[in-house]
Amino acid sequence: MSLRSDYCGTLRAGDAGRRVSLCGWAARRREHGEHLAFVDLRDHTGIVQCVVDGAHDIRSEFVLRVTGTVQPRPEGTANPALPTGEVEVTDCAVEILSAAAPPPFPITDRTEADEVLRLQYRYLDLRRDRMQRNLRLRSRVNAALRSAMEEQGFVEVETPMLVASTPEGARDFIVPSRLHRGSFYALPQSPQLFKQLLMVGGTDRYYQVARCLRDEDLRGNRQFEFMQLDAEMAFADAEDVMASISAAVIGTARAVVAEPEAVPTVVPRMTWHDAMERYGTDKPDVRFGLELVELTDVFAGTEFKAFLAPCVKGLRLPGGGELSRSRLDALTDQAKGWGAKGLVWMRVGEGGLDSPVARFMSDDELKSLSSRLGAEPGDLLLLVADERPVVRHVLGLLRLELGRPPVSEGGLHFLWVTEFPLFEGLDEDGRPIPAHHPFTMPHPEDADGMESDPLSVRSLAYDMVVNGWELGSGSERIHRPEMQQRVFSLLGIGPEEAKARFGFLLEAFRYGAPPHAGFAFGVDRLVAVLAGEESIREVIAFPKTQSGTDPLTGAPTPADGRLLAELGVRVVPPDS
Ligand code: ASP
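Residues numbered from 1 in each chain as written. Predicted model: local features only at pLDDT ≥ 70, side-chain atom pairs only at ≥ 80, totals over all residues. Heavy atoms only, no water.

(A) Geometry of empty space enclosed by the protein. Here the structure, examined in full by the defined rule, presents one cavity of 30 Å³ or more. Counted as a void, the largest cavity has a volume near 30 Å³. Contributing to the lining of the largest cavity are Leu422, Phe423, Pro434, His437, Pro438, Thr440 and Val487. (1 Å grid on protein atoms, 1.4 Å probe; cavity = no way out; pocket = protein on both sides within 12 Å on 5 of 7 lines; lining within 4 Å. Points joined across faces, edges and corners; volume = space filled by probe spheres on them.)

Okay, here's the thing in structure tokens:
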């Protein structure tokens, strides 16, 4: 006989009179007269109240099997806040399946417990309704993504975990080889090279829900290991990839959110250049305005020395004139912390602009900046003058500081950011640093200038952004060896090094590579946004802390001496 007939959270008034067997954890117990106690029994579906006789042995988190009769609660005692609040289970026989030590923090939906403690006792943390909801949502997202990809003819292929290094720009985790002493496998930063090989191998449309590992600083919303929906298409270009990925992401979001109609069916596009100029970032949060407005030309011949800069931009905060002087000082300090030399603020009054620096500006300048920004009485204007990248960066961060809603608010705003630069800057030797990975195709309109002016070359790379989070990136790939060689030369990767690092890919391309393009996006991030969680750790069953440790298992731990000896690995103590 099975242990249970029903789940706790599913019982309703219509079940009255039924004899049921329930299993779960004692969530709460309240005395009710001399012998009776109310025991709230919890499983992953919710809680139901059981009226238990002689409940003295039962304590919090004991594992119980309760057999009893569902009854309407007595007149006036229904709890409308609880889905099972109209009923209770009476006449109960209780079996204690396991006793439980007192939990280190209460298992309630809202917990004040410190994150390290929650991770140390993750199995208790996971009993909370919110965590169960998140895990179940994640499972549905994975299923929906898979079926969206399968429907479009993509084939799931598993690529290996023990690989040679992948050039995604992060540090590798490496695994020493026992059989090949002194040699190491890398754990995959992504399946990038394998998926390109799959295209040469005729797979046509590949996808994988792939685990990727990158040994980088865990600032913000990052984990060493994360899941990507990874995809690649042959005989396809950026348009084909964006269409397929949009369909998968939108389809998945619609399959799991409470109001599918509210999810936009089309993913709008913005070039990287526009994103940087209007939002100061390559992952714009377009849920709110406060766009950056160009003012450089307004101050072209200004007497105000601080504004004789390569770039001047501003933003308007409607109604922001009410911000206190101390808040404005704090914003100025923040702007300086982000790299600005200063922040100019102006309160818009009925009679003009109130600002410590207004008197240094001409009437024409004040008039033009007001009209450019659309200033209305009561507004606050914030202006920064500096090198263009600094202005964009600082105003972009101020915009978020002043306007960004929590990730769960304002609906889902997906966006494609296109035409990323091919290179993101120069290294100490003056060599360009790839913005994506070195297999990204240069924009055909710019490729001629690749050697003479590399930083102005756009690429055929695109990112998907949602509510200000980078969800993932992809690109059209280089499939001709000559072009790949040009990019490698620019990056300072000579033929020998290219052969040593990616020889197998270059070799493969000699045997007929189809034009191909692909994309990968972070499943953890997608699930977090869909769950309305700010942190991806809330949607990962067993995440690491910000310092990369696992308080539950104690990882990382020193390795066994014998194992190290077999591997031929000697550990150098940290302080030597
Ligand atoms: N491999 C890339 C990444 O992990 C994505 C791609 O270009 O397909 O970011």
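(B) Representation of the packing of helix α3 (residues 129-151) against helix α12 (residues 523-531) within the structure. α12 packs onto α3 with a crossing angle of 120° between their chain directions and a minimal axis gap of 10 Å. As far as their axial angle goes, α12 and α3 are oblique. The way α3 lies across α12 gives a crossing that is right-handed. For the pair α3 and α12, the contacting residues are Asn134, Leu137, Arg138, Val141, Asn142 and Leu145 in the first and Val523, Asp524, Leu526, Val527, Leu530 and Ala531 in the second. Looking at side-chain class alone, the contact of α3 with α12 contains eight nonpolar, two polar and two charged residues. (Axes fitted to C-alpha atoms, helices over the stretch in contact; angles between N-to-C directions. Helix = DSSP H or I, 4+ residues; strand = E, 2+ residues; numbered from the N terminus. Parallel < 35°, antiparallel > 145°, perpendicular 65-115°, else oblique. Left-handed = near helix turned anticlockwise from the far one by under 90°. Contact = heavy atoms within 4.5 Å. Nonpolar A, V, L, I, M, F, W, Y, C, P; charged D, E, K, R; others polar.)

(C) Molecular detail of the sheet that holds strand β17 (residues 414-418). Taken in spatial order, the eight strands line up as β6-β9-β10-β22-β21-β20-β17-β11 in an open sheet, and their pairing is mixed. A strand with exactly one partner marks an edge of an open sheet, and here the two such strands are β6 (155-156) and β11 (269-271). Summarising the sheet, β11 and β17 pair through three bridges and their orientation is parallel. From the neighbouring strand, threonine 271 faces β17, where its bridge partner is threonine 418. The strands that helix α4 (residues 192-200) touches are β9 (205-213), β10 (225-234) and β22 (516-522); relative to β10, the one it contacts most, it runs at about 25°. (Pairing = 2+ DSSP bridges.)

(D) Inspection of the site of the ligand at higher detail. Residues in close proximity to the ligand total 14 residues, the closest being Glu168, Gln192, Lys195, Arg214 and Arg477. Contacts to the ligand include arginine 477, whose side-chain N or O atom sits 2.7 Å from an oxygen atom. The contact in question runs from an oxygen atom of the ligand to an N or O atom on the backbone of phenylalanine 519, over 3.5 Å. Contact with the protein chains hides 96% of the accessible area of the ligand, taken as 270 Å² for the molecule alone. Looking at the shell around the ligand, the elements with two or more residues in it are α4, β21 (469-476) and β22. With three residues, the single largest contributor to the shell around the ligand is β22. Counted by class, the shell around the ligand contains two nonpolar, eight polar and four charged residues. (Near = heavy atom within 4 Å. Polar contact = N/O pair within 3.5 Å; in protein donor to acceptor, adjacent residues only side chain to side chain. Areas by Shrake-Rupley, 256 points an atom, 1.4 Å probe, with all protein chains shown as cover.)

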